[in-house]
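A look at the structure
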Amino acid sequence: MYASSSGRLNEVGNAYFGRGLYAEAFSYYQKALECDRQSADTRGLMATLGNLGNICAVSGQRERADAYYREALELQKRLGDEAAIGATLVNLGNLHADAREWNRARAHYLEARDILDRLHDDTALAVLHSDLGLVARETGAFQEALQEYARSLQLMRRTGNEGGVADAYRMMARTYGSRQMWEEGASCAQTSLEIARRLRDDLRVAGAMYVLAGFREEQGRLEDAIQLFGRVVEYDRQYQLPKLTENMDRLAALRARHAREKGETDPA
């Protein structure tokens, strides 16, 4: 009885979570946890703890998320569930990456990678290599970052994840940008944009345009940058994205700079 009740409560919580209604989701996960504590269903408890860790992570409650993940991890190790262990280690890595605790994030990611390699879980590994690429980029390991993103790209293609392919190219673009290699970065961003357009994925289109616009600005190609940022702002408005005000300010500054430079070069 308790196990079936926990399953139903988690399903409701997941539905709320998917709609971004985190307080409601957390309430149902907590009720599921009460059922799990009273039952002998270890796997049900593991699932609930994972859900609670996820909801706390997205809500900025890092310490609570860490506690839930670690309790789940202890149970998973007791059962020898390597797939679940790998997923939880990735979640712990993400938690530390969000806090820019790169060494701790990398340690969890590498432990997860060893497990996922043994399981030949290419889908999970494709994402994990991208995570490792981010850690490498943020810690100044340029070549390592590119290698991790290249491996992610290879696995995304192997598993047929075209959206992931677009993401990998965008992350490679940002990595080149970190070394001011604007043309190489622009090439990767352009590839990401073309894939996103083919997929008709507006959010990925906006993401690739944002990166490409930054490169065109750095290259002094202000008209291109203004055109791209203008489209990004349109997507921000359409989907009510959080960077709307910031991107509108940036677009206005670019237009002012372009007008100023154009006035300086035009003959009197």
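To start, this report covers the structure provided alongside it. (Residues numbered from 1 in each chain as written. Predicted model: local features only at pLDDT ≥ 70, side-chain atom pairs only at ≥ 80, totals over all residues. Heavy atoms only, no water.)

Before going further, it helps to spend a moment on the side chain of serine 6. Relative to the helices and strands, serine 6 is located in helix α1 (residues 2-18). Not counting chain neighbours up to four residues away, the residues in contact with serine 6 comprise Ala32, Cys35, Asp36 and Thr48. (Helix = DSSP H or I, 4+ residues; strand = E, 2+ residues; numbered from the N terminus. Contact = heavy atoms within 4.5 Å.)

Now for the packing of helix α8 (residues 142-158) against helix α9 (residues 162-177). Contact pair α8 / α9: the axes reach a minimum separation of 9 Å and the direction vectors enclose 170 degrees. If you check the angle between α8 and α9, you find them roughly antiparallel. Contact residues: Phe142, Ala145, Leu146, Tyr149, Ser152, Leu153, Met156 and Arg157 in α8; Gly164, Val165, Ala168, Tyr169, Met171, Met172, Thr175 and Tyr176 in α9. Grouping the amino acids of the contact of α8 with α9 by side-chain chemistry returns 12 nonpolar, three polar and one charged. (Axes fitted to C-alpha atoms, helices over the stretch in contact; angles between N-to-C directions. Parallel < 35°, antiparallel > 145°, perpendicular 65-115°, else oblique. Nonpolar A, V, L, I, M, F, W, Y, C, P; charged D, E, K, R; others polar.)

Any two side chains of opposite charge can pair if their charged atoms end up close together. Tallying each qualifying case throughout the model produces 19 salt bridges. Taking the shortest distance from any N to any O, the salt bridge between arginine 78 and glutamate 74 comes out at 3.5 Å. Placement of both arginine 78 and glutamate 74 in helix α4 (residues 62-79) is noted, with a separation of four residues, approximately one turn of the helix. Assessed through its relative accessible area of 60%, arginine 78 is described here as exposed. Residue glutamate 217 is joined to arginine 250 by a salt bridge in which the shortest nitrogen-to-oxygen separation is 3.0 Å. Here glutamate 217 is found in helix α11 (residues 202-218), whereas its partner arginine 250 is found in helix α13 (residues 244-265), with 33 residues between them in sequence. (Salt bridge = Lys/Arg side-chain N within 4 Å of Asp/Glu carboxyl O. Buried < 20%, exposed > 50% of the residue type's maximum accessible area, 1.4 Å probe, protein only.)

All right, on to the side chain of aspartate 36 then. Counting through the fold element by element, aspartate 36 comes out in helix α2 (residues 22-37). The buried charged residue aspartate 36 lacks any salt bridge, with arginine 37 as its nearest oppositely charged partner at 7.7 Å. For aspartate 36, the side chain forms a polar contact with the side chain of serine 6, separated by 2.8 Å. Excluding its chain neighbours within four sequence positions, the residues that come into contact with aspartate 36 are Ser6, Gly44, Leu45 and Thr48. (Lys, Arg positive; Asp, Glu negative; His and termini not counted. Polar contact = N/O pair within 3.5 Å; in protein donor to acceptor, adjacent residues only side chain to side chain.)

For α9, built from 16 residues, the straight-helix expectation of 22 Å at 1.5 Å per residue is met to within 8% by its first-to-last C-alpha distance of 23 Å. Among the 16 residues that make up α9, 13 are buried, leaving the element largely enclosed by the rest of the structure. You can read the cap of α9 off the contacts: a side-chain oxygen lies 3.4 Å from the backbone nitrogen of glycine 163, and it is on asparagine 161. (Expected span 1.5 Å × (residues − 1).)

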